[in-house]
Amino acid sequence: MPPHHRAPEALLTALAGSRSRSDRLTHTEQLPARQACFSPWPDGIRPEIVAAARTLGVELPWAHQAEAMNLAKNGQSVVIATGTASGKSLGYLAPVLSDLLDGTEAPNGRGATALYLAPTKALAADQRRRAAELAPDRVRPALYDGDTPPEEREWVRQYASYVLTNPDMLHRGILPGHTRWSSFLKTLKYVVIDECHSYRGVFGSHVAQVLRRLRRLCAQYGSEPVFLLASATTADPAATAERLTGLPAVAVTEDASPRGPLVFALWEPPLTENVGEHGAPVRRTATAEAGYLLTDLVGAGTRTVVFVRSRRAAELVALQAQEQLGPPLAARVAAYRGGYLAEERRSLERDLYSGRLLGLASTSALELGVDVSGLDAVLMAGYPGTRASLWQQAGRAGREGQGALAMLIARDDPLDTYLVHHPEALFANPVEATVLDPDNPHILAPHLCAAAAELPLGESDLDLFGPSTAQLLPVLEQRGLLRRRGAKAWYWTRRERAADAVDLRGSGGSPVQIVEGRTGRLLGTVDAAAAHTTVHTGAVHLHQGRTYLVQDLDLETSVAVVEQADPPYTTSARDITSIAILGTDTTVEWGEARLCFGSVEVVNQVVGYLRKRIATGEVLGESKLDLPPRTLRTRAVWWTVTEDQLFDAEIPFDQLPGAAHAAEHASIGLLPLFATCDRWDIGGVSVPLHPDTQLPTVFVYDGHSGGAGFAERGFRRAGQWLTATRDAIAACECERGCPSCVQSPKCGNGNDPLDKAAAVRLLDVLLAGAPGQGASAGGDG
Ligand SMILES: [Zn+2]
Ligand SMILES: [Zn+2]
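In this report, the structure presented in the accompanying data block is examined. (Residues numbered from 1 in each chain as written. Chains lettered and ligands numbered in written order. Predicted model: local features only at pLDDT ≥ 70, side-chain atom pairs only at ≥ 80, totals over all residues. Heavy atoms only, no water.)

Bringing the overall build of the chain into the picture now. If you tally the helices and strands in the chain, you get 26 helices and 30 strands. Taken over C-alpha atoms, the radius of gyration comes to 27 Å for the chain, in line with the 28 Å a tight globule of 781 residues would show. Considering only C-alpha atoms, the chain reaches an extent of 80 × 75 × 60 Å along its principal axes. When the 781 residues of the chain are sorted by exposure, 57% land in the buried category. (Helix = DSSP H or I, 4+ residues; strand = E, 2+ residues; numbered from the N terminus. Rg over C-alpha atoms; globule rule 2.2 N^0.38 Å. Buried < 20%, exposed > 50% of the residue type's maximum accessible area, 1.4 Å probe, protein only.)

Here it is in structure tokens:
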């Protein structure tokens, strides 16, 4: 049976109409088709490039591509923030390759160079192929990453004019060895930063400082590259680009590529017979629901990709659909995930393209080859974390002139539940911006050391590295890391390489190694910060779809010894957390209530863990642990209410702990809607009477030393954030709290106490004084 196209409305009717599923469909959004809008090729794009583009089927560029090309050719840094399959790469490649081609006419054959950065190796490889298709041979694009053999590296440094790499390689290899790259850096004309929305939080803040180090060395060699960034659609791309590179950038956001009509459905799985913690109702998981829906879609001959969050889920969804379909259709469904060999993946992509495969369950869209598009249906099992990823995934559906279906299936958590009941949060203006905080001294300090090792730091570098630099240099001098010579120059004086002191993707502290006891095999590592909660003795640990039990966590050697096992339970750590306010930066009065942002010290001790039955979350038992407390200095947003306000809200003192705790959980769940964080990047504490404020206080803090910008973002968007929190709790159909509203999978207190109704009243009195929030706080219930 060949794949056959059906109108998306008909597909949806078929899905929602059967087995009394209609109440699961919470919203349908019709996104109209868009006509293409073309522009002439800008002057300065070389005829060879135009000719190559025409051979690839691009007669004229779309208007947004031409706009980006013009800006780049005029020396203006640009961020292109348009949809999936809108040809962002041609927008930056045409000017880059034209200038590189001009450069081939220089006496040494390399009068201009360009650097391309991607967050993953796979993407860089893909882009090398694209550049090669567009550019004549003499442009010489080359990959430079951990897999590049040493004998090839020398060639790349000397001859390649377009070098494709990743930020880690730039940080560890290129910048510290810059003297060997001098001829490349001297003529560096462009730096392309692809998928720039993925540089967020701690990782993004590190990358921002790596780029400042690059700019400093370029200036030293006499070049001043133009930055060309490509991003998925997010709020305020120009500001994000500027924070990342330190340079102003023009945003190109008007997407002029054509699109077929898209029907976007929001779907909430049904409640099951199972009960979870404290007897809470539990919904069918998003992955199980996706398995049923995939079965129906493949049964109807519809080419469908399901995006899931884990490799294990990819296998489960495919398996479930195969079992339900039976032969011969079962053979036309497969899983696709990270960890497969490149050849396996390419062959799956080809089969999907040809129609031999009808259904594919896949992990993140970044891993799925960029050519997989034009699908008839895309299902997303769980909100992928950001609007940017949501649209990247949904954008794989639809072809010009044909309708397609995209569907978000909610997971059982407050954010997903909120989204499927508040479609405006997805379909109105973009709400989240990419958050990063390069000024965090914990992030900046090691980069100042690395920069000093590359080239002594001088007075003129203070501005480049940001406002914290002037205070940090004397501290680094005191610690014996830098030495001042003369009045105004700081040198790196140690033997070891300064760049080795920081891992861009880690979060400080030596990571804990996970070792299989029986074989001695190293399975992977976890961040020091997460080790106590995730790999304590007795913990169930998932790794690449396999389940392990931790036999022993040795903190002295930073090793967790595990054995493969198949226990019928998961574990969740219990902890005690206290928080002290070190300093308040900003306070906003909301009537009697106050909202603050500042520095805090969090002391956390994991004291035991619960074993919970896999399917239902039912608690099977509890064990004690003997682990030392850990201290984290970070940034937090917090709010307080007064005793009078509690009286008005009819919250007696015995309900207060449950109300504040429930409000805290739900607000952590909703923050990712406003800041591009994961609920695991942040933590919270609620205290009925806090010693520092002398009032009931709820804190939400960044989970990384020095902060990553998430709490600050929450503070700036507090009105909208806490209103959404209040609405999410109030709208949940459960009676006394469930995972969709106030229960948290990472609660260190076993989700006790929680008072859902009192939490809504508490947030109502808090929001009553918030500017412009009074109306919605009275609310829709
Ligand atoms: Zn609920
Ligand atoms: Zn909790």
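Following both chains from N to C, one finds helix α9 (residues 201–221) and helix α10 (residues 237–245) inclined at 60 degrees, their axes separated by 7 Å at the closest point. Taking contact as the criterion, the partners of Gly204, Val207, Ala208, Leu211, Arg212 and Arg215 in α9 are, on α10, Glu242, Arg243, Leu244 and Thr245. Its residues assigned to classes, the contact of α9 with α10 shows 4 nonpolar, 2 polar and 4 charged. (Axes fitted to C-alpha atoms, helices over the stretch in contact; angles between N-to-C directions. Contact = heavy atoms within 4.5 Å. Nonpolar A, V, L, I, M, F, W, Y, C, P; charged D, E, K, R; others polar.)

Glancing now at the coordination of the zinc ion (ligand 2). Think of it this way: four donors in a tetrahedron around the metal ideally sit 109.5 degrees apart, and six in an octahedron ideally sit 90 or 180 degrees apart. Taken together, His661 (NE2), His665 (NE2) and Cys747 (SG) make up the protein donors of the zinc ion (ligand 2), found 2.1 to 2.3 Å from the metal. For the zinc ion (ligand 2), the donor residues sit on a single chain with the sequence spacing H-x3-H-x81-C. Separated by 86 residues along the polypeptide, His661 in helix α22 (residues 656–670) and Cys747 in the loop between α24 (718–731) and α25 (756–768) bring together distant segments of the chain. Of the two residues, His661 and Cys747, both sit in the buried class. (Donors = N, O, S within 2.8 Å, 3.2 Å for Na, K, Ca; no water.)

Protein coordination at the zinc ion (ligand 1): the donors are Cys732 (SG), Cys734 (SG), Cys738 (SG) and Cys741 (SG), at 2.2 to 2.4 Å from the metal. Seen from the zinc ion (ligand 1), its 4 donor atoms lie at angles of 100 to 119 degrees, and the figure they make is tetrahedral. Each donor residue of the zinc ion (ligand 1) lies on one chain, and together they are spaced C-x1-C-x3-C-x2-C. (Tetrahedral: all angles 85-135°; square planar, octahedral: opposite > 155°, others 65-115°.)

Now for the environment of Leu766. Examined against the element boundaries, Leu766 turns out to sit in helix α25. If near-sequence neighbours (up to four positions away) are discounted, Leu766 is found in contact with Trp590, Ala593, Trp639, Thr640, Val641 and Leu722.

Remark on secondary structure: sheet strands pair via backbone hydrogen bonds, oriented parallel or antiparallel. Pairing in this open sheet of 7 strands is mixed, and the strands run β1-β9-β16-β15-β12-β14-β13 from one edge to the other. Either end of the sheet is taken by a strand with one partner, and the two such strands are β1 (25–31) and β13 (333–336). Neighbouring strand axes in the sheet, compared pairwise and without regard to direction, differ in orientation by 15 degrees on average. In this sheet, strand β14 (residues 359–362) lies alongside β13 in parallel orientation, the contact comprising 4 bridges. Residue pairing across strands places Tyr336 opposite Ser362, the latter belonging to β14. Together, β9 (262–267), β12 (304–307), β13, β14, β15 (377–381) and β16 (404–409) form the strand contacts of helix α11 (residues 286–299), whose direction differs from that of β15 by roughly 165 degrees. (Pairing = 2+ DSSP bridges.)

What follows concerns the sheet that holds strand β21 (residues 522–526). Judged by pairing direction, the sheet is mixed, and its 5 strands sit side by side in the order β21-β20-β24-β23-β22 without closing on themselves. Only two strands of the sheet have a single neighbouring strand rather than two, namely β21 and β22 (540–543). The sheet shows a mean angle of 35 degrees between the axes of neighbouring strands, taken without regard to direction. Bridge count for strand β20 (residues 512–516) against β21 is 4 bridges, and the pairing is antiparallel. When the bridges of β21 are listed, Ile514 appears paired with Gly524.

For the rest of this paragraph, the subject is the nonpolar core. Counting 85 residues, the largest nonpolar core has Phe264, Met380, Trp590, Trp639 and Leu722 as its most contacted members. Not counting residues within four places of it along the chain, the set of residues in contact with Trp590 comprises Leu595, Ala718, Gly719, Leu722, Leu766, Leu767, Gly769, Ala770 and Pro771. Among the nonpolar cores identified, the runner-up in size contains 38 residues, and Ala68, Tyr116, Leu123 and Leu228 belong to it. (Core = buried A, V, L, I, M, F, W, Y, C linked by side-chain atoms within 4.5 Å.)

The tally for this structure, following the rule as stated, stands at 36 salt bridges. Between Asp296 and Arg21 there is a salt bridge, with its nearest N and O atoms 3.0 Å apart. In this pair, Asp296 is assigned in helix α11 and Arg21 in the loop between α1 (8–17) and β1, connecting sequence segments 275 residues apart. Of the two residues, Asp296 and Arg21, neither departs from the other in class, the shared state being buried. One salt bridge connects Asp500 with Arg172, and the closest N-O pair in it is separated by 3.7 Å. You can see Asp500 sitting in the loop between β19 (489–492) and β20 and its partner Arg172 sitting in helix α7 (residues 167–174), a full 328 residues away along the chain. Accessibility expressed as a relative area gives 43% for Asp500, which makes it partly exposed. Judged by its relative accessible area of 34%, Arg172 is partly exposed. Each of Arg46, Glu48, Asp102, Glu105 and Arg138 takes part in one network of salt bridges that share partners. (Salt bridge = Lys/Arg side-chain N within 4 Å of Asp/Glu carboxyl O.)

This part takes up unusual backbone geometry. Along the chain, Pro327 connects to Pro328 via a cis peptide bond; the corresponding omega equals 0 degrees. Note on placement: Pro328 falls in the loop between α12 (311–325) and β13. That bond from Asp752 to Pro753 is cis: its omega, -5 degrees, falls within 30 degrees of zero. Topologically, Pro753 is positioned in the loop between α24 and α25. Phi angles above zero are rare outside glycine, and Glu195 is one such case at about 50 degrees. Along the chain, Glu195 falls in the loop between β6 (188–193) and α9. The exposure class assigned to Glu195 is buried, which follows from its relative accessible area of 14%. One non-glycine residue, Ser558, lies in the positive phi region at around 55 degrees. Of note, Ser558 is situated in the loop between β23 (546–554) and β24 (559–564).

Honestly, it's all geometry; don't read function into it.
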